[in-house]
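Residues per chain, in single letters:
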Amino acid sequence: MDKIIKKKDLDAFKEKGNRLLFADSVKIAVQAGTCGIASGAQEIFDFLSGQVSSGKFVLSRTGCIGLCKREPMVNVSVPGSVTVVYADMTKKLTEELLKSWIKGETPVKNSLMTLDDALYANPLKDLKLPSGHAKYRDIPFYKKQEKIALRNSGFINPHNLSEYIARGGFYTLFDVLNGQDSDKIIDEIETSGLRGRGGGGFPTGRKWRSCRNAKGDKKYVICNADEGDPGAYMDRTVLEGDPFSVIEGLAIGGYAIGANEGYVYVRAEYPLAVETLKQAIETARNHGLLGKNIFGTDFSFDIRINRGGGAFVCGESTALMASIEGNVGEPRTKHIHTVESGLWEKPTTLNNVETWANVPAVVNMGGSEFRKIGTKGSAGTKVFSVVGDIVNSGLVEVPMGMTLKELVFGVGGGIPGNRKLKAVQSGGPSGGCIPADKADIPIDFDELVKVGSMMGSGGLIIMDEDTCMVDVARYFLSFLVDESCGKCTPCREGTYQLKQILDRITRGEGKPGDLELIEEIAQVTKDCSLCALGKSAPNPILSTLTYFRDEYKAHIEKKKCPAGVCKALITYTIIPEACTACGKCLKSCPASAIEGGKKVAHRIIPEKCTKCGICFDVCAFDAVKKV
Amino acid sequence: MENNDLVTITIDDKTLQVKNRTTVLEAARSAGITIPTLCHHEAVAASGACRICIVEMSVEKRGRTVSWMDASCVYPVHEGLVIKTDTPKVRKQRKLILELLLSRAPRSERLLELAAEYGAETGRFESVNQGRENCILCGLCEKVCKYSIQANVISMAFRGVKKKVTAPFQTGSSLCIGCLACYNVCPTGAIKYVIEGNRLKMPAWDADVKMQKCTECGALYAPSEYIKELKKKAPGLKKDVLSKCPACRRKIFKAGTPA
């Protein structure tokens, strides 16, 4: 296979890549990340595979472009025209539209937007904007996004090295290895103000410098892809959509700190990400971009993949390293930092996928340019997976400093059904709930901490007014009770006892003094736990107690769940005057707990009712009340 | 700074100089200050698991005092560190940690002793494991078996509250040599053994090993497999020393006629 050694080799790949990206033929690329496949992209891809032998179009695949709510999506390019993204696709629609596509037409039906030069300019020639289609920046979801970590996802074929090189990939590594000393790279990262995107927000440059200065001839770089927060999938999308960016980032980091070996610790629950990355590493190796003497220089570097076995705590750096070493994935105290003594007690630099994907972009644009984006303390952009009660659920990348409100209502399109925003949970299970009246804070590592939450890795769960905050705290705590490794007492026993108390409260068995007891345990768990999992585990309770204390009190004192979520504290009744005796609830009730007949108002038999809420959902006359 | 350099620290208002990166626990003990421990044992590396040895620490940073809690058994001292081992906050947090541990091991004598000292109450929290085993999952038995004896018989399985010490696949282990190191390091008396006939049995991991007879007096004095291991590990020992019970050994040595 062609080795890439000199710049002209890169140029040749670039040209090839551009010809693939901006084809002179009809090209259809199915967005087939895990999210796309889950909504049916594979069926569309398989259908198109069956048609491709006609020779009338070229078939490719790409990652997710972010608006997961509208998947499956298909990118269609016809000669001379800018790529069009089609959303909410089905096999049937594809079959129908394919007839036009192969004729070089791009109908507006199901079109979402064009991938115009606001996003990707064709370097080969000018392309026409097909008429009638929305432009990329016309879409409110994309209007204020700025893509750095997600710069290629949803556009290039993640398996194709030339497409990555066509987007400027590996040129940065080439420049770095040919003539820049490692100190200068670290200077650049320090100047950029890049902070770790995995949760802690530690300054990346400072981490690299400590590791570079640490004693030891053998050093390691690690990419943490053990993304475990419920509802978060930023890293998965990067690995599935743009694996080479992580490889290039790791190689640059390896060169900067003096490491020749890198590990990617990726959870086994991400089979597509593992497969995509595995192929990308092999491809890079085959072309000499990993292995001995990269670009003909003295620098050798290679990457191994380690699959995690599904423990949330293995996202903690020392537990992750223990797991790579073949030991039980439990954290150890970090008083001697991992940059001094990490994997196999060697100096180790660990960053997460998003941070590594940022690295080539930061070095390429220069630290001071990067720093211009975002806020003073938090430079650059941040990828968020926005899920829950939100219109545009999906993956967004926005400049730091955007307010939460703007993110929820501007980018996210607001709350469905005209309901009110109640809170935003940021920072994963160990983060906190930010109430709606604090939603005008800017997205910034330090600002989020001030309101009792944290940036975390980027999971944002949007909650509307029908959410019970006690139940939310209980949910996150249950997650942490299951995921606590059990090594230290406060986390193992403390979170468990906290959950037992919350369980009682949501069952209507709360007692006076429960809130004080919760605060007492929470304080010890926070102060005395061994690792960050335990130290941050009480955050969901503490933040909801701060902002929604009345809701806790209603559960304990009045035995009521104001949001109508906690089953033990609600009852369903049918208002006879409003009931039209249509029989819909009666037929739908899985517990046969509704009686009544034709023209006889229905009634719920309390002893039989399981409070599943189906009657409430199906009643078209608002006759079912939840009290 | 190298590890042999001395740093100045303050513990409970005593100022002292200790080697850099000594643990706070070691430093306190050298100053005659007692800090309670459960999961700490000289035989194995400190793990900071039980957290009973937490202390309050502070440093001056840019004109401000920054303070925090941490486990003294693993925290390495550094220049200017101020440590308080017995403040109301420390006592309050140790009390809660003890109460949490008591929910799992309500009958452990050592825990009850500490509970009396810190005013910890039993039964404040829901019982875990129905308090059956008195094990507080400190990990000493696992570590001593793995690193000191190198027998690797037991380890932790599962995680969180469901965690337990067990032999592989929760079945009996044929690897146990009956050395009783685990029994000896256990701080809560959770590990039990019995001698039935000429067998030593440890019900927790279904170990069942043969006891050796003293060649002098015929008393059962140690498990045979354990003696074999000792022979391998200390090849210089005279054969007769290991084949006799401690009492007979002493008699022979006293008589000045070692075999």
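Quick caveat, the model's predicted, so the values are computed rather than measured.

Here we look at the overall build of chain A
Here's step 1: Within chain A, the secondary structure is distributed over 25 helices and 18 strands.
Here's step 2: For 627 residues, the compact-globule estimate of 2.2 N^0.38 gives 25 Å, and the C-alpha radius of gyration of chain A, at 27 Å, lies within 12% of that figure.
Here's step 3: Once the C-alpha set of chain A is aligned to its principal axes, its extents read approximately 80 × 65 × 40 Å.
Here's step 4: With 627 residues in all, chain A has 61% of them scored as buried.
Here's step 5: Pairs at least 24 residues apart make up 70% of the contacts formed inside chain A by residues separated by at least 6 positions.
Here's step 6: Within the structure as shown, chain A displays about 23,900 Å² of accessible surface, and the carbon and sulfur contribution to it stands at 50%.

Focus on the overall build of chain B
Here's step 1: The helix and strand inventory of chain B stands at eight helices and eleven strands.
Here's step 2: Projected onto the principal axes, the alpha-carbon positions of chain B cover approximately 70 × 50 × 30 Å.
Here's step 3: Considering chain B as a whole, with its 259 residues, one finds that 47% of them fall into the buried category.
Here's step 4: Across chain B, contacts joining residues at least 24 apart in sequence account for 48% of those joining residues at least 6 apart.
Here's step 5: Here chain B displays about 13,600 Å² of accessible surface, and carbon together with sulfur accounts for 51% of that area.
Here's step 6: Counting 41 positive and 26 negative side-chain charges, chain B places the centres of these two groups 6 Å from one another.

Describing the pairing of strand β3 (residues 54-61) of chain B
Across a regular strand the side chains alternate sides, sitting on one face of the sheet and then on the other.
All names here are of chain B.
Here's step 1: Pairing of β3 with strand β4 (residues 64-71) involves eight bridges; the strand directions are antiparallel. Within β4, the position partnered with S58 by the bridge is S67.
Here's step 2: In textbook terms, the turn of a hairpin is the stretch between consecutive antiparallel strands, and for β3 and β4 this stretch comprises two residues, one of which, R62, has a positive phi near 45°.
Here's step 3: As paired strands, β3 and strand β5 (residues 82-84) are joined by three bridges and run antiparallel to one another. Bridge pairing in β5 places E56 opposite K84.

Some remarks on the sheet that holds strand β9 (residues 199-202) of chain B
All names here are of chain B.
Here's step 1: Overall, antiparallel pairing links the four strands, which are arranged β8-β9-β10-β11 in an open sheet. A strand with exactly one partner marks an edge of an open sheet, and here the two such strands are β8 (194-196) and β11 (220-223). Averaged over all pairs of adjacent strands, the angle between their axes in this sheet comes to 35°, without regard to strand direction.
Here's step 2: Where β9 meets strand β10 (residues 207-213), four bridges bridge the pair, whose relative direction is antiparallel. Each bridged residue has a counterpart across the sheet, and for K201 the counterpart in β10 is D208.
Here's step 3: Helix α6 (residues 224-233) contacts β10 and β11 of the sheet and is inclined by roughly 65° relative to β11.

A short note on the domain arrangement of chain A
In many analyses, interface size is given as the accessible surface area lost on bringing the parts together.
All names here are of chain A.
Here's step 1: Domain assignment breaks chain A into domain 1 (19-138), domain 2 (161-370), domain 3 (381-464), domain 4 (469-558) and domain 5 (571-626).
Here's step 2: Carbon and sulfur atoms make up 57% of the surface buried where domain 2 meets domain 3, a total of about 1,400 Å² over both sides.
Here's step 3: Interface area lost by domain 2 to domain 3 is led by R197, Y233 and M234, which between them contribute 36%.
Here's step 4: Taken together, the links from domain 2 to domain 3 amount to two salt bridges.

Details of the sheet that holds strand β6 (residues 220-225) of chain A
Residue and element names in this part refer to chain A.
Here's step 1: Taking strand neighbours across the sheet as the criterion, the four strands line up as β8-β7-β6-β9 in an open arrangement whose pairing is parallel. At either end of the open sheet lies a strand with only one pairing partner, and these are β8 (302-308) and β9 (348-352). For this sheet, the mean angle separating the axes of adjacent strands, direction not counted, is 20°.
Here's step 2: Pairing of β6 with β9, which is carried by five bridges, proceeds in the parallel orientation. Looking at β9, one finds that I222 is bridged to L350.
Here's step 3: Helix α12 (residues 271-286) contacts β7 (261-267) and β8 of the sheet and is inclined by roughly 165° relative to β8.

Comments concerning the interface of chain A and chain B
Here's step 1: Across the boundary between the two partners, chain A contributes 34 residues, which contact 33 residues of chain B.
Here's step 2: Across the interface of chain A and chain B, roughly 2,900 Å² is buried in total on both sides, 52% from carbon and sulfur atoms.
Here's step 3: Scanning the region where chain A abuts chain B turns up six salt bridges.
Here's step 4: The partner of E330 of chain A in a salt bridge is K163 of chain B, and the shortest N-O contact between them spans 2.4 Å.

Some details on a positive patch on the surface
Here's step 1: Residues R206 of chain A together with K61, R62 and R64 of chain B make up a contiguous surface patch of positive charge.
Here's step 2: As for its position among the elements, R64 of chain B is in strand β4.
Here's step 3: We classify R64 of chain B as exposed; its relative accessible area is 61%.

Side note on the packing of helix α19 (residues 489-506) of chain A against helix α20 (residues 514-528) of chain A
All names here are of chain A.
Here's step 1: Orientation of α19 relative to α20, taken along the N-to-C sense of each, is 160°, at an axis distance of 9 Å. Relative to α20, α19 is oriented roughly antiparallel. Note that α19 runs across α20; the crossing there is left-handed. Of the residues in α20, those in contact with P490, C491, G494, T495, Q497, L498, I501, L502, R504 and I505 of α19 are D514, L517, I518, I521, A522, V524, T525 and C528.
Here's step 2: Within the contact of α19 with α20, the residues separate by chemical class into twelve nonpolar, four polar and two charged.

Re the nonpolar core
Here's step 1: In terms of nonpolar packing, the biggest core is built from 122 residues, with F170, I247 and F295 of chain A touching the most fellow members.
Here's step 2: At eight residues, helix α11 (residues 243-257) of chain A tops the list of elements feeding residues into this core.
Here's step 3: When neighbours within four sequence positions are excluded, I247 of chain A is seen to be in contact with F170, L277, A280, I281, A284, L290 and I303 of chain A.
Here's step 4: If you look at the next biggest cluster of nonpolar residues, it comprises 73 residues, including I521 and C566 of chain A together with I149 and A167 of chain B.

Describing the layout of surface pockets
Here's step 1: Taken as a whole, the second largest pocket holds about 1,400 Å³ of empty space.
Here's step 2: Secondary-structure elements contributing two or more residues to the lining of the second largest pocket are α13 (317-324) of chain A together with α4 (140-148) and β6 (155-157) of chain B.
Here's step 3: Examining the composition of the lining of the second largest pocket, we find that four residues originate from one element, α4 of chain B, more than from any other.
Here's step 4: When its residues are assigned to classes, the lining of the second largest pocket shows 18 nonpolar, eleven polar and ten charged.

About the criteria used
Residues numbered from 1 in each chain as written. Chains lettered and ligands numbered in written order. Predicted model: local features only at pLDDT ≥ 70, side-chain atom pairs only at ≥ 80, totals over all residues. Heavy atoms only, no water. Helix = DSSP H or I, 4+ residues; strand = E, 2+ residues; numbered from the N terminus. Rg over C-alpha atoms; globule rule 2.2 N^0.38 Å. Buried < 20%, exposed > 50% of the residue type's maximum accessible area, 1.4 Å probe, protein only. Contact = heavy atoms within 4.5 Å. Areas by Shrake-Rupley, 256 points an atom, 1.4 Å probe, with all protein chains shown as cover. Lys, Arg positive; Asp, Glu negative; His and termini not counted. Charge placed at Lys NZ, Arg CZ, Asp CG, Glu CD. Pairing = 2+ DSSP bridges. Axes fitted to C-alpha atoms, helices over the stretch in contact; angles between N-to-C directions. Domains from an automatic or database assignment. Buried area = accessible area lost by both parts, 1.4 Å probe. Salt bridge = Lys/Arg side-chain N within 4 Å of Asp/Glu carboxyl O. Patch = residues over 30% accessible without salt bridge, like charges linked within 9 Å, V, L, I, M, F, W, Y side chains within 5 Å. Parallel < 35°, antiparallel > 145°, perpendicular 65-115°, else oblique. Left-handed = near helix turned anticlockwise from the far one by under 90°. Nonpolar A, V, L, I, M, F, W, Y, C, P; charged D, E, K, R; others polar. Core = buried A, V, L, I, M, F, W, Y, C linked by side-chain atoms within 4.5 Å. 1 Å grid on protein atoms, 1.4 Å probe; cavity = no way out; pocket = protein on both sides within 12 Å on 5 of 7 lines; lining within 4 Å. Points joined across faces, edges and corners; volume = space filled by probe spheres on them.

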